[in-house]
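Residues per chain are reported as follows:
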Amino acid sequence: MALLAEHLLRPLPADKQIETGPFLEAVSHLPPFFDCLGSPVFTPIKADISGNITTGKLRPRAVEGL
């Protein structure tokens, strides 16, 4: 989670753009957090976030165009 906080707390550059690779690396630490909550109600959320991260890693140019 320290990696997430390190990237999360940096100010945005003037063009308000972030690099896809470091962002995806930082948020890839989020899905295991939902396991700590101990409820199966978070399973779809975890799966959705994990799927989005995987898609972003497989197709970084498509994500950067958003």
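Residues numbered from 1 in each chain as written. Predicted model: local features only at pLDDT ≥ 70, side-chain atom pairs only at ≥ 80, totals over all residues. Heavy atoms only, no water.

A. Region of interest: the UniProt feature "domain: Glycolipid transfer protein" (unreviewed entry) in the protein. UniProt records the feature "domain: Glycolipid transfer protein" (unreviewed entry) for residues 18–55 in the present numbering. Segment residues 18–55 splits into 71% helix and 0% strand. End C-alpha atoms: 17 Å apart. (UniProt positions renumbered as here; feature names shortened; annotations may be inferred. Helix = DSSP H or I, 4+ residues; strand = E, 2+ residues; numbered from the N terminus.)

B. Looking closely at the pattern of salt bridges. Within this structure, the stated rule accounts for one salt bridge. One salt bridge connects Asp35 with Lys46, and the closest N-O pair in it is separated by 2.8 Å. Here Asp35, found in helix H3 (residues 31–36), pairs with Lys46, found in helix H4 (residues 43–58); they are 11 residues apart in sequence, far enough to count as distant. Exposure remark for Asp35: the relative accessible area of 49% places this residue in the partly exposed category. Among the residues examined, Lys46 registers a relative accessible area of 26% and is labelled partly exposed. (Salt bridge = Lys/Arg side-chain N within 4 Å of Asp/Glu carboxyl O. Buried < 20%, exposed > 50% of the residue type's maximum accessible area, 1.4 Å probe, protein only.)

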